[in-house]
Amino acid sequence: MIKNYLITSFRNLWRVKFFSIINILGLAIGMAGCLLILQYVSFEFSYDKFHKNYKDIYRVQYNVYKKGECLFKCAAAVPAVGPAMKDNFPEVLEYARAFPVSGTISYKDKSFRESKMQIATPSFIQMLTFPLLIGDKEKALNEINTVVISEEIAKKYFGDEDPLGKTLTWNGEYNFTVTGILKNVPDNSHIKFGLLFSYMTLNEFSDQQSETAWGWYDFNTYIQLAPGTDPQVFQIKFQKWLENLKREEWESRNSKAEFILQPIADIHLYSDLLQESEPQENGDGDSVYLLLIIAFFILFIAWVNFINLSTSRSIDRAKEVGIRKVVGAGKEQLIYQFILESFLINIIAAFLAILLVALVIPHFNQLMNSQLSFGLLAGGNFWITLLLLFFLGAILSGVYPAFVMTSFKPVSVLKGKFSTNKKGTFLRKALVIFQFTASIFLITGTITVYNQLLFMKNQDLGIDLDQTIVIRTPGITDSLYAIKYNTFKNEVLNLSQVKSYSAATNVPGDEIFWANGIRKVEETKDQSKVIYMIGMDESYIPAFDLDIIAGRNFSKDFSADDSAVIINENAIAYLGFKDAEEAVNRKVRLSGKNRTIVGVINNYNQLSLKTATIPLIFLYQPVDNNRFLSVKINSRNPQESIQQLHNKWDDFFPGNPFDYFILDEFYNKQYRNDEITGNAAGIFAILAIIIASLGLFALASLNMLQKTREIGIRKVMGAKVSSISILLSKEYVKLILWSNIIAAPVSYFLLDKWLENFAYRIQIGWESFVLSAIIIAIIAFLAIGFKLIKTTRVNPVDTLKYE
């Protein structure tokens, strides 16, 4: 019986090759697109779930309030909070801390600038699942001046040598003994590192402040709760304990601190705080869910095509059903036959989808900045997902047409009295409207995301980033560094392609971690506020084309500028001044020292336009403690300028790697997630349109075929080709209009919610909806136009000669 069903199914598919190809191609594209997005989404949701006890592990978030107002929310907490939680609450089984650092690491003649480094407690590799391949995790970080390195770092510095017991030098000064080799940190970890230095080393340098301080907030702190502990209940319990401990101190300062528990598995998608471990790699939960919706939109559009084409062919298959019933076929047998056909089409589509996935993985990774590999084709999750999509597709797209076509009455069908069901026609129209509504939403979304990204990239940031090469300052220095630095600076400025040179602790796009309390000198301590600080030389303001609104720039001619500061416009009201003129020459208390405000500069966007500008204060640092050297060039060949700078660097700072980046590229990395969302929406909008257009073309072809005789009669009666074309296309015009009417408000609501994530945003104009409507109308009429013209030009003699 099954063999007979299969033979019949193949014959039916072969008899209508055109419609079979449309169905298979649409389903294959839909499955492939859905599979790729689901694998990407699955990876995004998998972050930090490789930790054995991830459900009980939390990162401690640090919030600070002043006079009831939240000053900041920080991913890094104070060092004292971990021990306080473990020592006073049995619910806390363990805590771990990691203090982010960077610098130049050397071994023999090899030196590299490393930014992925942490100073970590021994519990960091015990509580969290970062497997130690070589060494004892219970002892590896227990001693001062020890370091654990990853496989990648071991290969980078030691090659085929055994790293254990070898010495790595940090910034040419501090020696660390390698005590263990870690397995490389997984890509789906919110915190990345290649070197872990022992926390005891930091304790030595900080005089134990890295254990007991309640105000030094640079420490990623994690705790593991006992199974079954309610984190919200514990959080409230700890906060009450802390308020009792700190009541007098907080009341005297009119401030307070709050510690929030973040599930470690939620950090990647749902955390956007100050001092995130990987701020430019953190994802966006809303965008991931949007991609999930897009994935199912594409698949549903493909399923809709199948259902529409199957039910539209019901007239052609009605006689087949009637004859089968007359010769004794039961309804169940016919249902099995039609569902088997659906399964057969879905099987072929699934195999084609696997081939498509294998072909596009490299391009998909480039588009989405993802890490998917051909290994996913061998993964169990991939095949489980494929099987689910296959069975869902086969059943959902096969059951309804099967029941529709087996419900025909053989007497009516064989007498030629069969006609299409109004309910079925309505459903087909509704499904076509759904297809185009989804396509319009994706087109509108793509236009909106693109316009927002264009707006942000072209917006005046208040600072000039063009043609700027930024070099990270040397990690290995000596007592002659200041002399070498100034000579290097002069040599660089003498290069013909160099316009300016400046130094600072931060550059635009780099998150500021340096903050301190500030107040007017006449105010009391409890009136102090937290402000973020940037150190810079006298060249920074003119080099980046910042405007001095009042006062002056730093200058070597003023010896007192070591105690001078410059503020931005936001800091005027923040510090309690009426205007810029009033702020100039006023004294403030900052970092335990009285300082004079000598100038006020314009606001500029230190970070992306997702965030508003904030109060900033600038200190004069001509040489020491600056982390970035910014060189502006006027060359059409930046690589030539980079090579010249590299040569000068090697002359003055041997042993230090030449670590540079292009500033505007570095700044625009902040929009990575938004670009991914835009790219995905655009590409999958095109896929959705292709699938919907294939279905519409096939549906129109079938409808035209069924109306061939009607068209012939109309032409014999004198109807013109143009009037027939308008009559036949009127139905599709209505469907497109309804699609636009439904899509517009839904798109506006969802996209407006997305734009709320940006401090600076576009307004969604009517142009986006009009453009989407025009695009979908053109595509729809291209899909049906060819068949419409061909059908209306057929000679009526050929269509009516058998009547």
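What counts and what doesn't
- Along every chain, residues carry numbers that run from 1 in the direction the sequence is written.
- Local features in a predicted model are, by the rule used here, given only for residues with pLDDT of at least 70; side-chain atom pairs are given and counted only at 80 or more, and totals for whole chains, interfaces and linings are based on all residues.
- Side-chain numbers come from the whole structure's heavy atoms, not from hydrogens or water.
- Numbering of helices and strands runs from the N terminus; a helix is a DSSP stretch of H or I covering at least four residues, while a strand is a stretch of E covering at least two.
- Between buried and exposed lies partly exposed: a residue is buried under 20% and exposed over 50% of the maximum accessible area for its type, with that area taken using a 1.4 Å probe on protein chains only.
- Note on contacts: a residue pair qualifies if any of its non-hydrogen atoms lie within 4.5 Å across the two residues.
- In this analysis, the expected span of each helix is defined as 1.5 Å times one less than the number of residues it contains.
- It is the directions from the helix axis to the C-beta atoms that the arc portrays.
- A residue's pLDDT is the predictor's confidence in that residue, given on a scale from 0 to 100.
- When a carboxyl oxygen of Asp or Glu is within 4 Å of a side-chain nitrogen of Lys or Arg, the pair counts as a salt bridge.
- For this analysis, a nonpolar core means a set of buried residues of the types Ala, Val, Leu, Ile, Met, Phe, Trp, Tyr and Cys, connected via side-chain atoms within 4.5 Å.
- Within this analysis, patches are made of residues with over 30% relative accessible area and no salt bridge. Like charges are joined at 9 Å or less; nonpolar side chains (Val, Leu, Ile, Met, Phe, Trp, Tyr) at 5 Å or less.
- Note on areas: Shrake-Rupley with a 1.4 Å probe; residue coverage comes only from the protein chains shown.
- Two strands pair if DSSP finds at least two bridges between them.
- Here a pair means two rings of Phe, Tyr or Trp (six-membered ring of Trp) with centres within 6.5 Å. Their orientation is stacked below 30 degrees between planes, edge-to-face above 60, and tilted elsewhere.
- Counting as a charge over the ring demands two things of the Lys NZ or Arg CZ atom: a distance within 6 Å of the ring centre and an angle within 35 degrees of the ring normal.
- To get an axis, fit a line to the C-alpha atoms, keeping to the stretch in contact for a helix; angles then go from 0 to 180 degrees between the N-to-C directions.
- We call two directions roughly parallel when the angle between them is under 35 degrees, roughly antiparallel when it is over 145, roughly perpendicular when it lies between 65 and 115, and oblique otherwise.
- Classification convention: Asp, Glu, Lys, Arg as charged; Ala, Val, Leu, Ile, Met, Phe, Trp, Tyr, Cys, Pro as nonpolar; all other residues, Gly among them, as polar.
- The sense of a crossing depends on the near helix, which, turned anticlockwise from the far helix by less than a right angle, makes the crossing left-handed and, turned clockwise, makes it right-handed.

Along the backbone of the protein there are 26 helices and 22 strands. Within the protein, buried positions represent 52% of all 803 residues. Here the contacts in the protein between residues at least 6 apart in sequence split such that 80% fall between residues at least 24 apart.

Between its terminal C-alpha atoms helix α20 (residues 638-652) stretches 21 Å, which fits the 21 Å expected from 15 residues at 1.5 Å a residue. Burial in α20 covers these residues: S641, I642, L645, W649 and F652. The buried residues of α20 all sit within an arc of 100° when viewed along its axis, so they share a single face. Seen from the open side of α20, the exposed residues pointing more than 90 degrees away from its buried face are Q639 and D651. Elements that come into contact with the buried residues of α20 comprise β12 (468-472), α16 (481-493), β21 (628-633) and β22 (660-662).

What follows covers the confidence of the model for the protein. When pLDDT is averaged along the protein, the result is 84; 83% of the residues meet or exceed 70. Scored below 50 in pLDDT, residues 413-418 makes 14 contacts in the model with residues more than four places away or belonging to other chains.

A separate point is unusual backbone geometry. A positive phi angle is found at N145, which is not glycine, with a value near 60°. Checked against the element boundaries, N145 lands in the loop between β5 (132-134) and β6 (146-150). A positive phi is found at N171, a non-glycine position, where the angle reads about 55°. Here N171 is to be found in the loop between β7 (167-170) and β8 (174-182). Take N171: its relative accessible area is 22%, and that puts it in the partly exposed class.

For side chains of opposite charge, pairing can occur when their charged atoms come near one another. By the definition in use, this model includes 24 salt bridges. Across the pair E211 and R97 runs a salt bridge whose closest N-O atoms are separated by 2.8 Å. Note that E211 is positioned in helix α7 (residues 209-212) and R97 in strand β3 (residues 92-107), a separation of 114 residues in sequence. Look at E211 and you get partly exposed, because its relative accessible area is 22%. When its relative accessible area of 0% is taken as the criterion, R97 is described as buried. Linking K457 and E675 is a salt bridge whose minimum nitrogen-to-oxygen distance equals 2.4 Å. Of the two residues, K457 sits in helix α15 (residues 422-458) while E675 sits in helix α22 (residues 672-706), which places them 218 residues apart along the sequence.

A few words on the nonpolar core. Counting 67 residues, the largest nonpolar core has Y62, M85, I223 and F259 as its most contacted members. Excluding residues within four positions of it along the chain, Y62 makes contact with F72, K73, C74, A76, A77, V78, W214, Y217, A257, E258 and F259. Among the nonpolar cores identified, the runner-up in size contains 46 residues, and Y40, V41, L389 and F684 belong to it.

Turning to a nonpolar patch on the surface, a few remarks are in order. Among the surface-exposed residues, V733, L737, W738, I741, I742, V746, F749, L750 and F781 lie close enough to one another that they form a single nonpolar patch of about 840 Å² accessible area. As for its placement among the helices and strands, L737 is situated in helix α24 (residues 721-755).

Turning our attention to the pairing of strand β14 (residues 515-520). Examined bridge by bridge, β14 and strand β15 (residues 529-536) share 4 bridges and lie antiparallel to one another. Across the sheet, the residue bridging to G517 is V530, located in β15. Where β14 and strand β18 (residues 587-590) come together, 3 bridges link them in antiparallel fashion. The partner of K520 across the bridge, within β18, is V588.

Attention now goes to the packing of aromatic side chains. Here the structure, examined in full by the defined rule, presents 47 aromatic pairs. Taking the centre distance of 5.4 Å and the plane angle of 35° together, the rings of F658 and Y660 count as tilted. Relative accessible area serves as the criterion here: at 31%, Y660 is assigned to the partly exposed category. Aromatic side chains W754 and F758 sit 5.1 Å apart centroid to centroid with 70° between the ring planes, which places their arrangement in the edge-to-face category. For the pair shown, W754 and F758 are each scored as buried. One aromatic cluster in this structure is built from Y62, F72, F89, W214, Y217, F234, F238, W241 and F259. Sitting over the ring of Y65, K256 keeps its end group 5.7 Å from the ring centre. Directly above the aromatic system of F577 lies the positively charged group of K520, at a separation of 4.7 Å from the ring centroid.

Here the focus is the side chain of D510. Tracing the backbone through its elements, the reader meets D510 in the loop between β13 (498-504) and β14. Among the residues examined, D510 registers a relative accessible area of 13% and is labelled buried.

Below, the discussion takes up the packing of helix α3 (residues 81-88) against helix α8 (residues 231-253). Relative to each other, α3 and α8 sit at 105°, their axes nearing to 12 Å. Comparing their axes, α8 and α3 come out roughly perpendicular. Note on element contacts: α8 touches α3 through F234, F238 and W241, opposite V81, A84, M85 and N88. Here the residues of the contact of α3 with α8 are counted per class, giving 6 nonpolar, 1 polar and no charged.

Another aspect to go through is the environment of I260. As for its position among the elements, I260 is in strand β11 (residues 255-263). Those residues in contact with I260 that lie beyond four places of it in its chain are R59, V60, Q61, N63 and Q235.

Turning to the packing of α16 against α20, a few remarks are in order. Close contact between α16 and α20 brings their axes to 10 Å; oriented N to C, the two are set at 160°. By the angle between their directions, the pair α16 and α20 is classed as roughly antiparallel. The way α16 lies across α20 gives a crossing that is right-handed. Here K484, T487, F488, E491 and V492 of α16 come into contact with α20, specifically with L645, K648, W649 and F652. Counted by class, the contact of α16 with α20 contains 5 nonpolar, 1 polar and 3 charged residues.

Take helix α5 (residues 151-158) next. The set of residues buried in α5 consists of I153, A154, Y157 and F158. Taken down its axis, α5 places every buried residue within 100° of arc, on the same side. Among the exposed residues of α5, those pointing more than 90 degrees away from its buried face are E152 and K155. Tucked into the core, α5 has its buried residues touching β3, β4 (110-120), β6, β7, β8 and β9 (195-198). At the exit of α5 stands G159, carrying a positive phi of roughly 60°.

A few words on the environment of L291. Mapping L291 onto the fold places it in helix α10 (residues 285-312). The class of L291 is buried, set by a relative accessible area of 2%. Once the C-alpha coordinates of L291 and L38 are considered, the two residues, 253 residues apart in sequence, prove to be 8.5 Å apart.

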